[in-house]
Amino acid sequence: MSKPVNREGRWRRLLQVGAITFAVGSALVRALLPPFSYGKDTLIDHMTARALRDGLPPFTPLRQLQLAYFPQAQPAYPYANFHPPTVWLLNWPLTFLPFEVSSLVWLGLSVWALAWVGRRLGLSWRAALVLSLWPPALFHLWLAQYEILILLLIVLAWQYAARSRDWRAGLLIGAAGTLKFYPALLLLPYLIRGRWRVVAGGTTALAVGGLASLLVIGLDGAYHYVSGLTGVETRVILQDWGNSSPYVAVQRLLGGTPLTPVLDAPQAILPLTLLLVAVGLVALCWLPPAAGPVALLVLLPNSMWYCAVLALPQLVETLRQQRLRVPAIVAAILISLPYPLPAALLGSPEASRILPVWASQILYSSQAAGYLLLLGLSAWAYRQTPVPDGLPDVVSVSDG
């Protein structure tokens, strides 16, 4: 017989259900109704996978594919798709469905993956579903990116590693590294700790993904891919306002861009950049694996705003520690300001009539500041209470 629920508990549950309904309903509207569905990032991988089915060259410019397959959508980027070819293969089965349907399938899988991660972090299923309302996750679901899937693979890998199933843990981390390259760096903590089977499993998965990519694009295509990816990263990603890495924040704030800086000190950019690299690498090697994603968010020069979902495990663990609660809440607030949220409220940073450019630069550096604060709190907590064998205690829960 179920226990009676008091009025406060009933209102709390109603609030949870309302939040879940709002988050999932908003994402469903975005997924179902064009032209919103054509603005999803998975569209470019859908088009590339469909081009492979039709026998077109793998590096056909996206704008050309968009005109051929989705002429009703907004013009796509003029360059080719430089997502890893393994992502093209992942989307290949979904090309047998209309994109409007496949985007709904991807949404459902993403919401399920986020809820699964929440449960493994010790949250109730209601609270796990409410994670869909967290701004980085909500906008991530709208955009249909891959970081939630990467987070699922990593958390599952941590669980296997905590139970000494090292080979499986490595395979999952390597599989995450085939979706985007940076998760492969999460093998480094296990390498430092001598967990050779984890490293071997990850290397095997990466090798299989690399071989599959070569079969798709060939050796000449691999050279074209590397050179093209470097150009896109330099010309587009590092200049994007949605890039929330501390490196880009330093560039904006100190005069590394044509925009008016907050403090005109370009001579400080290089030493601060080297410091960020050093801090990120040391944290990645020294802190437990569960803090690895936060270290990567500090280390990498191209962590886009939707990568913030990777900080979720460490953020939850830090918020649970009473002595760190206040600064952890500050970090959570800063990380909860992804680029689309202030952009929707205030307009584009360059054209905003509400904030001057220098204030926009500070606002759009919020996530970077949150990453640095969260990493500092993680280091302080680990120094006070080291986790045995460097394993993530936050995900050591039952499979139920």
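So, how was this worked out
Residues numbered from 1 in each chain as written. Predicted model: local features only at pLDDT ≥ 70, side-chain atom pairs only at ≥ 80, totals over all residues. Heavy atoms only, no water. Buried < 20%, exposed > 50% of the residue type's maximum accessible area, 1.4 Å probe, protein only. Helix = DSSP H or I, 4+ residues; strand = E, 2+ residues; numbered from the N terminus. Arc of directions from axis to C-beta. Axes fitted to C-alpha atoms, helices over the stretch in contact; angles between N-to-C directions. Parallel < 35°, antiparallel > 145°, perpendicular 65-115°, else oblique. Left-handed = near helix turned anticlockwise from the far one by under 90°. Contact = heavy atoms within 4.5 Å. Nonpolar A, V, L, I, M, F, W, Y, C, P; charged D, E, K, R; others polar. Phe/Tyr/Trp six-rings, centres within 6.5 Å; stacked < 30°, edge-to-face > 60°. Salt bridge = Lys/Arg side-chain N within 4 Å of Asp/Glu carboxyl O.

**Quick word on helix α3 (residues 62-69)**
Burial in α3 covers these residues: L62, L65, Q66 and Y69. Angularly, the buried residues of α3 cover 100° about the axis, an arc narrow enough to put them on a single face. In α3, the exposed positions that point more than 90 degrees away from the buried face belong to Q64, L67 and A68.

**Thoughts on the packing of helix α12 (residues 246-254) against helix α13 (residues 269-286)**
Contact geometry for α12 and α13: axes closest at 10 Å, N-to-C directions at 165°. In terms of axis orientation, α12 runs roughly antiparallel to α13. Read as a crossing pair, α12 and α13 show a hand that is right-handed. Every residue of α13 that contacts α12 at P246, Y247, V250, Q251 and L254 is listed here: I269, L272, T273 and L276. Tallied by class, the residues present in the contact of α12 with α13 amount to seven nonpolar, two polar and no charged.

**Here we look at the packing of aromatic side chains**
Applying the stated criterion across every chain, the model contains ten aromatic pairs. An angle of 85° between the planes, with centres 5.1 Å apart, marks the rings of F139 and W142 as edge-to-face. Residue F139 and its partner W142 are located together in helix α7 (residues 135-143), separated by three residues, close to a single helical turn. Ring centres of W286 and Y382 lie 5.4 Å apart, and the angle between their planes is 70°; this geometry places the pair in the edge-to-face category. Of this pair, W286 sits in helix α13 while Y382 sits in helix α19 (residues 366-384); the two residues are 96 residues apart in sequence, bridging distant segments of the chain. With relative accessibility at 38%, the residue W286 sits in the partly exposed group.

**Some words on the pattern of salt bridges**
For the structure shown, the criterion picks out two salt bridges. The salt bridge involving E147 is made with K180; its shortest N-O contact spans 3.2 Å. You can see E147 sitting in helix α8 (residues 147-162) and its partner K180 sitting in the loop between α9 (166-179) and α10 (188-192), a full 33 residues away along the chain. E147 sits in the buried class, given a relative accessible area of 0%. Take K180: its relative accessible area is 13%, and that puts it in the buried class.

Geometric descriptors of this kind do not, in isolation, establish any biological role.
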